[in-house]
Protein chains: 2
Amino acid sequence: MAVGQPIEFFFDFISPYGYYASTRIDELAASHGREVRWRVFFMRGLVQEKLGIDTPIFLLPLKGEYFRQDVPRMARYFEVPYDPVSVLDFNPLPAERAFLWIDERDPAAARQFAKNVYRATFGEARNLSAPEAVAAEGARVGMDAAALLAALGTAALKEKLAAATEAAAARGVWGTPTFVVDGELWWGADRLALIDEWLTRGGW
Amino acid sequence: MAVGQPIEFFFDFISPYGYYASTRIDELAASHGREVRWRVFFMRGLVQEKLGIDTPIFLLPLKGEYFRQDVPRMARYFEVPYDPVSVLDFNPLPAERAFLWIDERDPAAARQFAKNVYRATFGEARNLSAPEAVAAEGARVGMDAAALLAALGTAALKEKLAAATEAAAARGVWGTPTFVVDGELWWGADRLALIDEWLTRGGW
């Protein structure tokens, strides 16, 4: 099998569709001999700054209703546990900053951390907004919880997530999950089947 | 094969994804023994009134870029002709009102008219904004062009499209294409494969 470019997976822990994608993307890529680069970003900051969107989608009329139907339906489709925290009570920033901190030290651990955070948030109704809860999740993947907790309060790590978000926007990303495959962007967990077909056919 | 409820297909001629869906939905439904009810609505009016969205998606930063890449890619995926008019120069209202007028007289002709309008708009770069051009399209499906042209200027037909749009919103529709299958809404041409699976499995 020809070796292709890594797939980039842009994600934000606020998105249930990112959760679904997190359970599939590594296996999908591996089946085509591709690696995956996991790229966290802070979607609310991006859409507020770049698109002027302030209202969470679940609070919009009509669209909110639609997604309240679609999100659990897609959990059943992807056959993943679904027991979500209230998105409105969930602050993804500490976990997103933690991902960056862990990723600097051990990318494989960071990936497992991301999968665990997603599963906790949408599959186990465990709200990981608090830095202490995030640090405990870091310990589960082998990190020093006290060092991680200390890092979460630093300006340097906050700026790192802001820079990652800016970098995502510079690549054209505005929603989660977004995949970059052979230079093309794909938005949405429902595009995974198309990405699979794209990789099989070598594009179209 | 058990007889199921008809599938409803909510569409607006402004949407290239509606075009793609228009080339597939009848055959997809028929393969499951289902009929399709074609339901036109005026999306811009709906999203302005219900969601407060004024900016066409193609003019948004980032999102506009994404859809400029995705729309032709999906045309290639669906293997349909792609030579679009400029969406910003296209007024879908006359064709949408004409659809309703034709649908009252001959639903099969209305469906063919809709397919022709979509193909003209996105596959043949023919701008059908003008009532005269719309009336000529009506004649191609057996309608009286003069009578259709006269009807397009009436308040009654304008109100009929407004009512159809209100009815779509009352069903929860906010984007195009939207399908209603067994009481569930599905948004997006990229959900056709999921609808196919839904119908095969009898839901999940």
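The shown structure was predicted, so the numbers you read here are calculated from the model rather than taken from an experiment.

A. Local environment of the overall build of chain A. Scanning chain A from N- to C-terminus turns up ten helices and four strands. Relative to a compact globule of 204 residues, whose C-alpha radius of gyration would be 17 Å, chain A shows 17 Å and is just as compact. Principal-axis analysis of the C-alpha atoms gives chain A an extent of 50 × 40 × 35 Å. Out of the 204 residues belonging to chain A, those deemed buried represent 54%. Nonlocal contacts in chain A, meaning residues at least 24 apart in sequence, comprise 72% of its contacts between residues at least 6 apart.

B. Just the sheet that holds strand 3 (residues 178-181) of chain A, in detail. Residues and elements named next belong to chain A. Reading across from one edge, 2-1-3-4 is the order of the four strands in this open sheet, with mixed pairing throughout. Among the strands making up the open sheet, the edge pair consists of strand 2 (36-40) and strand 4 (184-187). When strand polarity is set aside, the average angle formed by the axes of neighbouring strands in this sheet is 20°. Of the strand pairs in this sheet, strand 1 (residues 7-11) and strand 2 are connected by five bridges, and their pairing is parallel. Looking across to strand 2, one finds that Phe9 is bridged to Trp38. Here helix 6 (residues 107-123) sits on the sheet and contacts strand 1 and strand 2; the angle it forms with strand 2, its principal contact strand, is near 60°. Strands strand 1, strand 3 and strand 4 of the sheet are contacted by helix 10 (residues 192-201), whose axis makes an angle of about 5° with strand 3.

C. Spatial organisation of helix 8 (residues 145-152) of chain B. Residues and elements named next belong to chain B. If you check which residues of helix 8 are buried, you get Leu148, Ala151 and Leu152. Within helix 8, the buried residues cover an arc of 100° as seen down the axis, which keeps them to one side. Buried-residue contacts for helix 8 involve helix 5 (93-105), helix 7 (131-140) and helix 9 (155-170). Sitting at the head of helix 8, Asp144 places a side-chain oxygen 3.0 Å from the backbone nitrogen of Ala146.

D. Broad picture of the nonpolar core. Judged by nonpolar contacts, the single largest core of 148 residues is most densely connected at Tyr20 of chain A together with Tyr20 of chain B. Leave out the neighbours within four places in its chain, and Tyr20 of chain B touches Val71, Pro72, Met74, Ala75, Phe78, Val80, Tyr82 and Ala189 of chain B.

E. Summary view of the interface of chain B and chain A. Chain B puts 32 residues into the contact, and the matching count from chain A is 32 residues. Of the roughly 3,100 Å² buried between chain B and chain A on both sides combined, carbon and sulfur atoms contribute 58%. Considering only the surface of chain B that becomes buried against chain A, Leu62, Tyr66 and Trp174 of chain B emerge as the three largest contributors, covering 21% of it. Our count for the contact surface shared by chain B and chain A stands at six salt bridges. Residues Asp70 of chain A and Arg191 of chain B are paired through a salt bridge, measuring 2.8 Å at the closest nitrogen-oxygen approach. Across the contact surface, chain B and chain A share 18 residue pairs in polar contact (both at pLDDT 80 or more). Elements represented by at least two residues in the side of chain B that touches chain A include exactly helix 3 (43-51), helix 4 (63-78), strand 4 (184-187) and helix 10 (192-201) of chain B. For the side of chain B that touches chain A, the element with the most residues is helix 4 of chain B, which contributes nine residues. Grouping the amino acids of the side of chain B that touches chain A by side-chain chemistry returns 19 nonpolar, three polar and ten charged.

F. Spatial organisation of the layout of surface pockets. If you add up the space inside the second largest pocket, you get close to 500 Å³. Of all the secondary-structure elements, those providing two or more residues to the lining of the second largest pocket are helix 2 (25-30), helix 4 (63-78) and helix 10 of chain A together with helix 4 and helix 10 of chain B. Considering only residue class, the lining of the second largest pocket consists of 16 nonpolar, no polar and nine charged.

G. Up close: the sheet that holds strand 4 of chain B. Residue and element names in this part refer to chain B. Read across the sheet, four strands follow the order 2-1-3-4 without closing on themselves; strand pairing throughout is mixed. The open sheet is flanked by strand 2 (36-40) and strand 4, the only strands paired with a single partner. For this sheet, the mean inter-axis angle between neighbouring strands, taken without regard to orientation, is 20°. Strand direction decides the pairing type here: strand 3 (residues 178-181) and strand 4, joined by four bridges, are antiparallel. Its bridge partner lying in strand 4, Thr178 is registered against Trp187.

H. The relation of the copies chain B and chain A, seen in detail. Each copy of the sequence occupies a distinct position, and chain B is placed on chain A by a rotation of 180° and an axial shift of 0.0 Å, giving an RMSD of 0.0 Å. In short, the pair behaves as if placed about a two-fold rotation axis. No C-alpha of chain B approaches the rotation axis more nearly than that of Asp190 of chain B, which lies at 3.7 Å.

I. Highlighting the environment of Val173 of chain A. Note on placement: Val173 of chain A falls in the loop between helix 9 (155-170) and strand 3. For the pair Val173 of chain A and Phe41 of chain A, spaced 132 residues apart in sequence, the C-alpha to C-alpha distance is 9.4 Å. Those residues in contact with Val173 of chain A that lie beyond four places of it in its chain are Phe10, Phe41, Leu46, Ala168, Thr178 and Leu185 of chain A together with Leu62 of chain B.

J. Fine view of the confidence of the model for chain A. Per-residue confidence for chain A gives a mean pLDDT of 95, with 99% of residues at or over 70. Among the prediction metrics, the complex's ipTM stands at 0.92, with pTM recorded as 0.95.

Analysis parameters
Residues numbered from 1 in each chain as written. Chains lettered and ligands numbered in written order. Predicted model: local features only at pLDDT ≥ 70, side-chain atom pairs only at ≥ 80, totals over all residues. Heavy atoms only, no water. Helix = DSSP H or I, 4+ residues; strand = E, 2+ residues; numbered from the N terminus. Rg over C-alpha atoms; globule rule 2.2 N^0.38 Å. Buried < 20%, exposed > 50% of the residue type's maximum accessible area, 1.4 Å probe, protein only. Contact = heavy atoms within 4.5 Å. Pairing = 2+ DSSP bridges. Axes fitted to C-alpha atoms, helices over the stretch in contact; angles between N-to-C directions. Arc of directions from axis to C-beta. Polar contact = N/O pair within 3.5 Å; in protein donor to acceptor, adjacent residues only side chain to side chain. Core = buried A, V, L, I, M, F, W, Y, C linked by side-chain atoms within 4.5 Å. Buried area = accessible area lost by both parts, 1.4 Å probe. Salt bridge = Lys/Arg side-chain N within 4 Å of Asp/Glu carboxyl O. Nonpolar A, V, L, I, M, F, W, Y, C, P; charged D, E, K, R; others polar. 1 Å grid on protein atoms, 1.4 Å probe; cavity = no way out; pocket = protein on both sides within 12 Å on 5 of 7 lines; lining within 4 Å. Points joined across faces, edges and corners; volume = space filled by probe spheres on them. Least-squares fit on C-alpha atoms with pLDDT ≥ 70 in both. pLDDT = per-residue confidence, 0-100.

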